[in-house]
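Letter by letter, the chains look like this.
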Amino acid sequence: MRPINKLSTKSLIDSSKLTLDDINSIFCLAQYYKSNSHQKFDFHKNKVASLLFFEPSTRTKSSFELAAKKLGITTLSLDTSNSSIKKGESFIDTVETYIELETDCFIIRHQLSGACDFISKNTSSIFINAGDGKHDHPTQGLLDAFTLKEIFPDLSKVNITIIGDISQSRVARTNLNILSILGANISILAPSTLYPMHVDFKNINVYKSINEAVENSNVIMCLRLQNERMDSNALPSTSEFYKYYGLKESHLIQYPDLLFMHPGPTNYGVELDIKLKNHKNSLIRKQVNNGLYIRMAVLDLLLSNLS
Amino acid sequence: MRPINKLSTKSLIDSSKLTLDDINSIFCLAQYYKSNSHQKFDFHKNKVASLLFFEPSTRTKSSFELAAKKLGITTLSLDTSNSSIKKGESFIDTVETYIELETDCFIIRHQLSGACDFISKNTSSIFINAGDGKHDHPTQGLLDAFTLKEIFPDLSKVNITIIGDISQSRVARTNLNILSILGANISILAPSTLYPMHVDFKNINVYKSINEAVENSNVIMCLRLQNERMDSNALPSTSEFYKYYGLKESHLIQYPDLLFMHPGPTNYGVELDIKLKNHKNSLIRKQVNNGLYIRMAVLDLLLSNLS
Amino acid sequence: MRPINKLSTKSLIDSSKLTLDDINSIFCLAQYYKSNSHQKFDFHKNKVASLLFFEPSTRTKSSFELAAKKLGITTLSLDTSNSSIKKGESFIDTVETYIELETDCFIIRHQLSGACDFISKNTSSIFINAGDGKHDHPTQGLLDAFTLKEIFPDLSKVNITIIGDISQSRVARTNLNILSILGANISILAPSTLYPMHVDFKNINVYKSINEAVENSNVIMCLRLQNERMDSNALPSTSEFYKYYGLKESHLIQYPDLLFMHPGPTNYGVELDIKLKNHKNSLIRKQVNNGLYIRMAVLDLLLSNLS
């Protein structure tokens, strides 16, 4: 029997609303699915999940799609390049169309912060935020924390440093939320133009250099540097960023136990030395794999709540 | 046991060929599927349906795709942006490829009137016209009539006015066909440049103004104003169209029982006042929902004919 | 019981590596699936196949997708127009993502020769090359040979002439490999600029004109003329190509038993007379149909090897 506990929330939109119990329930069920990998189930064969991705995605979309299919859920995918969006149909009208198509669960990525929250009002469908602008990406934070807890069961004994565009990254924001709930020791390192002015720094260390960061961390969490940061002149160049904030092979030689993560897709030579691709201390592929089980767990728990 | 009656037609291409018995059989089975919503069936699990959409679509394509999946049908979707059409492959060669891929049922949208009829000759596969140019869109007309009959069981007592681009809209043409068969009292209102010169007006009233239309109607059926009408200078501007042909909140205040429909996607501020979004008299979301059951019924009946 | 024999290869990347036994095993199982057409099976319902097509395709992609679904395999399709490739993610990182999403079998088309071979190193997943640059397209060669053997059980008694862009066509290269293994008598005809300098001509006749070719052949295999050959000035014009290398109705009148094939999509008026569309001697549609059963057989055999 798989472990199904009731979550405190109908939808998964904002990682800061998750309780420690919620997170533990998700991790417990994700562990079950990981132990039963390469198997299909039919727990939700009368359910429909609609994947509406208004921004490009490979790993998040494929991961959710496979998670749904492995649970027996019927999936519908919006093809933004060949849908009525081309005729000017609005986001809200698009979602309402899918509600009338018996969608039990929406999985939504949108470029606007708050889009998923906005659209989830006044409907009985479940919503999972798969990334909304600069705001949140709950399953990314959950899969990152799950990956860390596989290695460090007690996160209060671990020092994790997030490096990069802290101020505008939904991945950073989500990890700060979830790792805080789990009691990890979190630090950050960011160029001054990408520095998070809005964050409450009570429990967060701030490092001044990558050398200081790698010296004091068990895990480095790199963030994807988005091209629009370059366009807005927030940074002089990608090679400048790499020089001062990129994780290099020399760091791993100096600190052979240092682990590192990246939400992908990775810009090698910007956030990360190309020589670190497939390094034994990389958790990047584990993150992708665990993402599948986290998303199965989230879908299963939310849909089990529903029925 | 679901109610399966033999249709008079192998394929569903032209709404004017449907008999009253055909329409009643479809509505009867659609009602069955609506009463058993949120359920999957496996009546046609060895069947293959290919969705070939050469024009953008959200609701029609998703609706057919879900209808097929809920009946256990395996679906193939042509991705026009990444298929051999990019290499110049013709429509007929594309369809013949899918015939050889064991397609039992084609669901086709194409910009050319008659495309579906043309391609259906000399093959044993079933064809469902999901919109062909200015010609026809049978399931849209069926779902509209089904939605009306849920409210008005006897359509001969109902006055329905279709407003907009009557001359070039396949939705208008289809509704004129199906509502005539069902005995409804149909009127139209159209700008003179979008006036249907080809229609036999024996049984159709023609209104001169929106005020006259709303005063004498139980239901207003708006049509989507297509941008190409603007490009061809058939209309001075969208705001001009809205002023003289748009349905406004004031109309609903004056006639609080007036219902209204729209095939979607809706241009608010052109065909319809934005204040009427989610108005209690709107049938728009019911239309989308009923479309799912109409399409399940059509697929089920045509495929049951086949075997 | 379906006939499952062990193949000599874990993946299907290079047609020249296939043994005669491999080919016979594939044909035997394809025959089984053809005899049981319009049926679904669930032999591999816990397996996942990822279709990564970096070049446009209708028939190969749809054929593999349907083949997988008919075997109960869960499919994931990369949408190159809306994936992380848009954010600059590399081919190898994309494949690694899908490996972590429990992909048992990759089906890959890529514009670079050797892409599939390169990526298949150091992983336990199965890879099927669905076309890599100018190199190979094994299932195309297999379905062509299977189609020929249905008509001519003993290929050593058959004269087959391949016409067109021999030098750069992966279809030509694959057919030369597979038809050689099967002992067919192969000839070629090509414009001098598209002449294969690299091929070992020990067992291959070279014709000088289309008249000589049709006179001495049982089967003409046309190749698709790719537009990039025009752009590179390898040919004066498509009409010039048609004049000297196109198969025309007059040839079929002169040699009424001559059969012809084309891998599709066909450029009528370039490789082939439009009057030959749907000619009784055309094997084109049979090729597409047999492609489905060949791909079911290949998927089934490779995945059965795995477990």
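Here the structure is a predicted model, which means the values were calculated and not measured.

What counts and what doesn't
- Residues numbered from 1 in each chain as written.
- Chains lettered and ligands numbered in written order.
- Predicted model: local features only at pLDDT ≥ 70, side-chain atom pairs only at ≥ 80, totals over all residues.
- Heavy atoms only, no water.
- Least-squares fit on C-alpha atoms with pLDDT ≥ 70 in both.
- Contact = heavy atoms within 4.5 Å.
- Buried area = accessible area lost by both parts, 1.4 Å probe.
- Salt bridge = Lys/Arg side-chain N within 4 Å of Asp/Glu carboxyl O.
- Helix = DSSP H or I, 4+ residues; strand = E, 2+ residues; numbered from the N terminus.
- Polar contact = N/O pair within 3.5 Å; in protein donor to acceptor, adjacent residues only side chain to side chain.
- Nonpolar A, V, L, I, M, F, W, Y, C, P; charged D, E, K, R; others polar.
- Domains from an automatic or database assignment.
- Pairing = 2+ DSSP bridges.
- Axes fitted to C-alpha atoms, helices over the stretch in contact; angles between N-to-C directions.
- Expected span 1.5 Å × (residues − 1).
- Buried < 20%, exposed > 50% of the residue type's maximum accessible area, 1.4 Å probe, protein only.
- Right-handed = clockwise from strand over helix to strand, strands pointing away.
- Patch = residues over 30% accessible without salt bridge, like charges linked within 9 Å, V, L, I, M, F, W, Y side chains within 5 Å.
- Areas by Shrake-Rupley, 256 points an atom, 1.4 Å probe, with all protein chains shown as cover.
- Lys, Arg positive; Asp, Glu negative; His and termini not counted.
- Charge placed at Lys NZ, Arg CZ, Asp CG, Glu CD.

## Quick notes on the relation of the copies chain C and chain A
At step 1: For the pair chain C and chain A, the relating rotation is 120 degrees, the translation along its axis is 0.0 Å, and the fit reaches an RMSD of 0.0 Å. Taken together, these values place the two copies in the relation of a three-fold axis. Among all C-alpha atoms of chain C, that of Ser81(C) lies closest to the rotation axis, at 4.7 Å.
At step 2: The overlap is low: 4% of the interface residues of chain C also sit at the interface in chain A, so different surfaces are used on the two sides.

## Here we look at the interface of chain A and chain B
At step 1: Listed as interface residues are 25 residues of chain A and, on the opposing side, 30 residues of chain B.
At step 2: Interface of chain A and chain B: buried area, both sides summed, is about 2,500 Å²; carbon and sulfur atoms make up 47% of it.
At step 3: Our count for the chain A to chain B interface comes out at six salt bridges.
At step 4: Note that Arg285(B) and Glu96(A) form a salt bridge whose closest N and O atoms lie 3.6 Å from each other.
At step 5: Those elements giving two or more residues to the side of chain A that touches chain B turn out to be strand S2 (74–77) and helix H3 (91–100) of chain A.
At step 6: Per-element accounting of the side of chain A that touches chain B gives the leading share, seven residues, to H3(A).

## Comments concerning the interface of chain C and chain A
At step 1: With 25 residues of chain C at the contact, the number on the chain A side is 30 residues.
At step 2: Where chain C abuts chain A, roughly 2,500 Å² becomes buried across the two surfaces, and 47% of that area is made up of carbon and sulfur atoms.
At step 3: Counting across the chain C and chain A interface gives six salt bridges.
At step 4: Here Glu96(C) ties to Lys277(A) by a salt bridge, and the two come within 2.7 Å at their closest N and O atoms.
At step 5: The interface formed by chain C and chain A includes 14 residue pairs in polar contact (both at pLDDT 80 or more).
At step 6: Elements that contribute at least two residues to the side of chain C that touches chain A include exactly strand S2 (74–77) and helix H3 (91–100) of chain C.
At step 7: The leading source of residues in the side of chain C that touches chain A is H3(C), at seven residues.
At step 8: In the side of chain C that touches chain A, the residues fall into eight nonpolar, eight polar and nine charged.

## Description of the domain arrangement of chain A
Residue and element names in this part refer to chain A.
At step 1: Looking at the assigned domains, one finds that chain A contains domain 1 (15–137 + 288–304) and domain 2 (138–287).
At step 2: Taking only C-alpha atoms into account, the centre of domain 1 sits 25 Å from that of domain 2.
At step 3: Taken together, the contacts link 32 residues of domain 1 with 28 residues of domain 2.
At step 4: Both faces considered, domain 1 and domain 2 share a buried interface measuring about 2,400 Å² in area, 60% of it formed by carbon and sulfur atoms.

## Re the sheet that holds strand S1 (residues 48–53) of chain B
Residue and element names in this part refer to chain B.
At step 1: Here we have four strands laid out as an open sheet, ordered S2-S1-S3-S4, and parallel in their pairing. Only two strands of the sheet have a single partner each, and these edge strands are strand S2 (74–77) and strand S4 (126–132). On average, each strand axis in the sheet is tilted by 15 degrees relative to the strand beside it, whichever way the strands run.
At step 2: Each of strand S3 (105–110) and S4 touches helix H11 (residues 284–306); the most contacted strand, S4, lies at about 150 degrees to it.

## A closer look at the relation of the copies chain A and chain B
At step 1: Superposing chain A onto chain B requires a rotation of 120 degrees together with a translation of 0.0 Å along the rotation axis, leaving an RMSD of 0.0 Å.
At step 2: Comparing interface residues between copies, only 4% of those in chain A also sit at the interface in chain B, which points to a heterologous contact through distinct surfaces.

## Considerations on helix H5 (residues 138–151) of chain B
Side chains of residues three or four places apart in an α-helix project in the same direction, reflecting 3.6 residues per turn.
All names here are of chain B.
At step 1: The end-to-end C-alpha distance of H5, which contains 14 residues, comes to 21 Å, matching closely the 20 Å that a straight helix rising 1.5 Å per residue would cover.
At step 2: Burial of H5 is extensive: 11 of the 14 residues sit out of reach of the surface.
At step 3: For H5, the set of buried residues is Pro138, Thr139, Gln140, Gly141, Leu142, Leu143, Asp144, Ala145, Phe146, Thr147 and Leu148.

## Here's the deal with the pairing of strand S5 (residues 159–163) of chain B
Residue and element names in this part refer to chain B.
At step 1: Here S5 lies mainly inside the structure; four of its five residues are buried.
At step 2: Across five bridges, S5 lies against strand S6 (residues 185–189) in parallel orientation. In the strand pairing of S6, Ile163 is matched with Leu189.
At step 3: Regarding topology, helix H6 (residues 170–181) serves as the crossover connection from S5 to the parallel S6, and that connection is right-handed.
At step 4: Of the strand pairs in this sheet, S5 and strand S8 (residues 219–222) are connected by four bridges, and their pairing is parallel.

## Some points on a positive patch on the surface
At step 1: There is a patch of like positive charges on the surface, built from Lys40(A), Lys45(A), Lys40(B), Lys45(B), Lys40(C) and Lys45(C).
At step 2: Overall, the relative accessible area of 33% leaves Lys40(B) in the partly exposed class.

## Quick notes on the sheet that holds strand S1 (residues 48–53) of chain A
Pairing between the strands of a sheet comes from backbone hydrogen bonds, and it takes one of two forms, parallel or antiparallel.
At step 1: Across the sheet, four strands lie side by side as S2-S1-S3-S4 (chain A); this open sheet has parallel pairing. Only two strands of the sheet have a single neighbouring strand rather than two, namely S2 and strand S4 (126–132) of chain A. Within the sheet, the average angular offset between the axes of one strand and its neighbour, ignoring direction, is 15 degrees.
At step 2: Inspection of the sheet shows S1(A) paired to strand S3 (residues 105–110) of chain A by five bridges, in the parallel sense. Bridge pairing links Ala49(A) to Cys105(A) in S3(A).
At step 3: Along the sheet, helix H2 (residues 59–70) of chain A contacts S1, S2, S3 and S4 of chain A; its crossing angle with S1(A), the most-contacted strand, is approximately 175 degrees.
At step 4: Lying over the sheet, helix H2 (residues 59–70) of chain B contacts S1 and S2 of chain A, oriented at roughly 165 degrees with respect to S2(A).

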